[in-house]
Amino acid sequence: MGYTLEKVTAAAEDVLAADPGPGGRQKVRALLEDALKDEAFVARHLGDDVPERKILYTDPQLGFCVLAHVYKGARESDPHDHGPTWAIY
């Protein structure tokens, strides 16, 4: 399947609208995992021209974001709290 950002975010919106809890987030994680196996999708959204952190999409109704993190070289981050939000890496 060829993934587009529009298809991925629409599917994520449908999943989270139906199940905003841990089960829905797990389904979104699996969706993103599959999309990131698509070389064309990765090249389009995570190429060398992408800054270290770029918001690719913000859902207007549910408020979730899809971010691209493209680091040049190794990075370290201390453990940190996302507060009442969650992140899928």
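Note that this is a predicted model, so its numbers are computed, not measured.

The secondary structure content of the protein chain amounts to three helices and two strands. For the protein chain, the α and β elements follow one another from N to C terminus as α-α-α-β-β. Its C-alpha atoms give the protein chain principal-axis dimensions of roughly 40 × 35 × 20 Å. Counting across all 89 residues of the protein chain, residues that qualify as buried make up 25%.

Let us look at helix α1 (residues 5-18). Helix length check: α1 (14 residues) gives 20 Å between terminal C-alpha atoms against 20 Å at 1.5 Å per residue, within 8%. Listed in full, the buried residues belonging to α1 are Leu5, Val8, Thr9, Ala12 and Leu16. For α1, the buried positions fall inside an angular range of 90° around the axis, keeping them on one side. Of the exposed residues in α1, the ones pointing more than 90 degrees away from its buried face are Glu6, Asp14, Ala17 and Ala18. Those residues of α1 that are buried lie in contact with α2 (22-35), α3 (39-45), β1 (53-58) and β2 (65-69).

Examined bridge by bridge, β1 and β2 share five bridges and lie antiparallel to one another. Bridged to Ile55 within β2 is Leu67. Hairpin connection of β1 to β2: six residues between the antiparallel strands, including Gly63 at a positive phi of 85°.

Moving on: the nonpolar core. Counting 15 residues, the largest nonpolar core has Tyr3, Val8 and Phe41 as its most contacted members. Elements with a contribution of two residues or more to this core: α1, α2 and β2. If you tally residues by element for this core, the top one is α1, at four residues.

Rules and cut-offs
- Residues numbered from 1 in each chain as written.
- Predicted model: local features only at pLDDT ≥ 70, side-chain atom pairs only at ≥ 80, totals over all residues.
- Heavy atoms only, no water.
- Helix = DSSP H or I, 4+ residues; strand = E, 2+ residues; numbered from the N terminus.
- Buried < 20%, exposed > 50% of the residue type's maximum accessible area, 1.4 Å probe, protein only.
- Expected span 1.5 Å × (residues − 1).
- Arc of directions from axis to C-beta.
- Contact = heavy atoms within 4.5 Å.
- Pairing = 2+ DSSP bridges.
- Core = buried A, V, L, I, M, F, W, Y, C linked by side-chain atoms within 4.5 Å.

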